[in-house]
Amino acid sequence: MGCRVVLLGLPGAGKGTQAEQLAAALHVPHVASGDLFREHLDKRTALGCQAQAYIERGDLVPDEVTTGMVAERLARPDCAGGFVLDGFPRTLAQAVALEQLLASAGIALDVALLIRVSEQVALARLAGRWTCRRCGAIYHTLFSPPRQADACDACGGELYQRPDETPEAHHHRLQVYQEQTRPLVDYYRQAGLLTEVDGEQSIDDVQA
Ligand code: ADP
Ligand code: AMP
């Protein structure tokens, strides 16, 4: 049986951190719209060029572009048995598009998991986040530091701070979440799919 999970929560709530472990436990791929965009940016594709200014400002990339990119990823064979979606959907239009996409394949979401943290905690987490350029592993200078300051524990890759990791972009992204993404909590609650997790616990406790 497949398992189709959507992760919801403020930027910095811990979606990427939890998604990696959850996907491994469920034997399904971790599909992160932000990672897909960063791959397009690195490869300087047409889609990457289209998305770049939005991402740098901390704005959402337009729905048609985002939904098309995620739909293409979900259509690949490795997602047939399920997926952990991280960072998508982020608008009601995206949630509806996802529902229609899955329905057309005769499937549906199993759960929408909300990782709940305060804005204060989210900002502290975003401020110290470092990401591995090679494998995407996520670290925090205080809460989850790598053994060696500038190298990934898992693969030895270089750690970097994302270009949208500025205090201005962080505040803007929280505001965008409140305006455009928060309504999805009620959307999934009404659909009977919402499960909430206290995200202000240790990484292991949230996972458990
Ligand atoms: P999101 O994907 O929701 O934006 P991330 O998974 O990238 O969030 O986590 C943001 C930052 O917070 C990272 O630096 C990560 O190491 C750290 N972090 C994630 N979960 C926790 C936690 N439960 N406790 C402390 N720090 C955490
Ligand atoms: P993330 O890695 O999830 O924090 O996403 C980084 C950036 O990519 C966001 O700030 C947006 O600019 C863009 N992005 C990621 N997912 C979406 C989405 N579902 N809809 C629109 N823009 C997105």
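Chemist: Could you give an account of the packing of aromatic side chains, naming the residues involved and the relevant values?
Modeler: Counting across every chain of the model gives one aromatic pair. Centre to centre, the rings of Tyr 187 and Tyr 188 are 5.1 Å apart; their planes meet at 80°, and the pair counts as edge-to-face. Residue classification places Tyr 188 among the buried residues on the basis of a relative accessible area of 3%. The ring of Tyr 54 carries Arg 57 above its face, with NZ or CZ at 5.3 Å from the centroid. Above the face of the Tyr 160 ring, Arg 133 is positioned so that its terminal group lies 4.3 Å from the ring centre.

Chemist: If you had to explain the site of ligand 2 to someone new, which residues and values would you point to?
Modeler: Taken together, 16 residues lie around ligand 2, and Ser 33, Asp 59, Gly 87, Gln 94 and Arg 173 are the ones closest in. The separation between a nitrogen atom of ligand 2 and a polar side-chain atom of Ser 33 is 2.8 Å. For ligand 2, whose accessible area on its own is 480 Å², the fraction buried by protein is 95%. Top contributing element to the shell around ligand 2 by residue count: helix α2 (residues 33–43), with four residues. In the shell around ligand 2, the residues fall into five nonpolar, five polar and six charged.

Chemist: Requested: an account of helix α1 (residues 15–26), with residues and values cited.
Modeler: For α1, with 12 residues, the first-to-last C-alpha span of 16 Å sits near the 16 Å given by 1.5 Å per residue. Listed as buried for α1 are Lys 15, Gly 16, Gln 18, Ala 19, Leu 22 and Ala 23. Buried positions in α1, seen along its axis, are confined to an arc of 155° and lie on one side of it. In α1, the exposed positions that point more than 90 degrees away from the buried face belong to Ala 24 and Ala 25. Contacts made by the buried residues of α1 are with β1 (3–8), β2 (30–32), β3 (82–86), β4 (111–116), β6 (138–140) and α9 (203–207).

Rules and cut-offs
- Residues numbered from 1 in each chain as written.
- Chains lettered and ligands numbered in written order.
- Predicted model: local features only at pLDDT ≥ 70, side-chain atom pairs only at ≥ 80, totals over all residues.
- Heavy atoms only, no water.
- Phe/Tyr/Trp six-rings, centres within 6.5 Å; stacked < 30°, edge-to-face > 60°.
- Buried < 20%, exposed > 50% of the residue type's maximum accessible area, 1.4 Å probe, protein only.
- Lys NZ or Arg CZ within 6 Å of the ring centre and 35° of its normal.
- Near = heavy atom within 4 Å.
- Polar contact = N/O pair within 3.5 Å; in protein donor to acceptor, adjacent residues only side chain to side chain.
- Areas by Shrake-Rupley, 256 points an atom, 1.4 Å probe, with all protein chains shown as cover.
- Helix = DSSP H or I, 4+ residues; strand = E, 2+ residues; numbered from the N terminus.
- Nonpolar A, V, L, I, M, F, W, Y, C, P; charged D, E, K, R; others polar.
- Expected span 1.5 Å × (residues − 1).
- Arc of directions from axis to C-beta.
- Contact = heavy atoms within 4.5 Å.

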